[in-house]
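Notes for the structure review
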Amino acid sequence: MKFPEAPNPTLPGKFITFEGIDGAGKSSHVDWLADWLRSRGLSVRVTREPGGTELGEKLRGLLLNEEMHLETETLLMFAARREHLAKLIEPALAAGEWVICDRFSDATYAYQGGGRGLDRHKLQVLEQWVHGHRQPDLTLVFDLPLEVARERIALANRHLDRFEQERAEFHQRVRLAYLERARLHPERMHVINSDRVIEAIRKELEQIVSSI
Ligand code: TMP
């Protein structure tokens, strides 16, 4: 009699997402955290949303530059996400890799929900459809006062995308939506005070990530 093969002993990878208002400085910590994890022997994939796949990056170009209906914008965010999960995130996690993603669905709740006022129930339906089975293991929300974030963006002196060009009130609503979401999901979301020296932020990141 033949017994079925033993299951693959590879541990599943972890899914970490980075969030925050534009100018919160999160992206500068993504590569650092990836290197820190790699130095501990882990295999790490770094990716972003909208984007992360060939099709997703094309959708990103449209989303960041073309005017469109709010629901079109939301559906395209989730369409890019569906592709991203199927082509990159799920296969990497299944292979035991860690995935660090610069923004995920919390951004849709914060920007399209909080910032633009889209009904949360519609977001919940799309979230359930696209990744009801998958949530980040850890979400780091980089937070700082709006004025500091706006100053950082102004100093960068580059072309601003459609979201960055929005008025201060929009970004304030996005910030509050992130903080509210972090309050509702304390099991996976951590708010990081991003208005500090980089060393202090990294020390806190090490502690939080070590805990998972
Ligand atoms: P990034 O500049 O952090 O790469 O993000 C691109 C912009 O896309 C940022 O301004 C936030 C916005 N965005 C949304 O509005 N909804 C989303 O679901 C995602 C992933 C990003």
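Everything below is about the structure printed above this text.
Computed from a predicted model, the values in this text were never measured in an experiment. (Residues numbered from 1 in each chain as written. Predicted model: local features only at pLDDT ≥ 70, side-chain atom pairs only at ≥ 80, totals over all residues. Heavy atoms only, no water.)

Now for the environment of Ala177. Here Ala177 is to be found in helix H7 (residues 168–184). Along the primary structure Ala177 and Gly115 are separated by 62 residues, whereas in three dimensions their C-alpha atoms are 7.8 Å apart. In contact with Ala177, other than residues within four places in its own chain, are Tyr109, Ala110 and Gly114. (Helix = DSSP H or I, 4+ residues; strand = E, 2+ residues; numbered from the N terminus. Contact = heavy atoms within 4.5 Å.)

Below, the discussion takes up the site of the ligand. As a matter of local geometry, the ligand sits amid 14 residues, with Lys26, Arg60, Arg103, Thr108 and Gln112 nearest to it. In the environment of the ligand, an oxygen atom lies 3.0 Å from a nitrogen or oxygen atom belonging to the side chain of Lys26. Compared with its free state, where it exposes 480 Å², the ligand has 94% of that area covered by protein. When residues of the shell around the ligand are traced back to their parent elements, those giving at least two are helix H2 (54–65), helix H3 (70–94) and helix H4 (105–115). The element contributing the most residues to the shell around the ligand is H4, with 4 residues. (Near = heavy atom within 4 Å. Polar contact = N/O pair within 3.5 Å; in protein donor to acceptor, adjacent residues only side chain to side chain. Areas by Shrake-Rupley, 256 points an atom, 1.4 Å probe, with all protein chains shown as cover.)

Within strand E1 (residues 15–20), 6 of the 6 residues are buried, leaving the element largely enclosed by the surrounding structure. The two faces of E1 match: Phe15, Thr17 and Glu19 on one face and Ile16, Phe18 and Gly20 on the other face are all buried. Pairing between E1 and strand E3 (residues 98–102): 4 bridges, direction parallel. What sits directly across from Thr17, in E3, is Cys101. Where E1 and strand E4 (residues 138–143) come together, 5 bridges link them in parallel fashion. Note that in E4 the partner of Thr17 across the bridge is Thr139. (Buried < 20%, exposed > 50% of the residue type's maximum accessible area, 1.4 Å probe, protein only. Pairing = 2+ DSSP bridges.)

Here Glu49 and Pro50 are connected by a cis peptide whose omega angle stands at -10°. Mapped onto the secondary structure, Pro50 falls in the loop between strand E2 (44–48) and H2. The phi torsion at Arg103 lies on the positive side, around 85°, for a residue other than glycine. By the secondary structure assignment, Arg103 is in the loop between E3 and H4. Overall, Arg103 belongs to the buried group, its relative accessible area being 12%.

What follows is about the sheet that holds E2. If you trace the 5 strands from one edge of the open sheet to the other, you get E2-E3-E1-E4-E5, paired in parallel fashion. Each of the sheet's edge strands pairs with one partner strand only, and the pair in question is E2 and strand E5 (189–193). In this sheet, adjacent strand axes meet at a mean angle of 20° when their direction is disregarded. Pairing between E4 and E5: 5 bridges, direction parallel. Pairing of Thr139 across the sheet is with Met189, part of E5. Sheet contacts for helix H8 (residues 198–210): E1, E3, E4 and E5; angle to E5, the most-contacted strand, approximately 165°. (Axes fitted to C-alpha atoms, helices over the stretch in contact; angles between N-to-C directions.)

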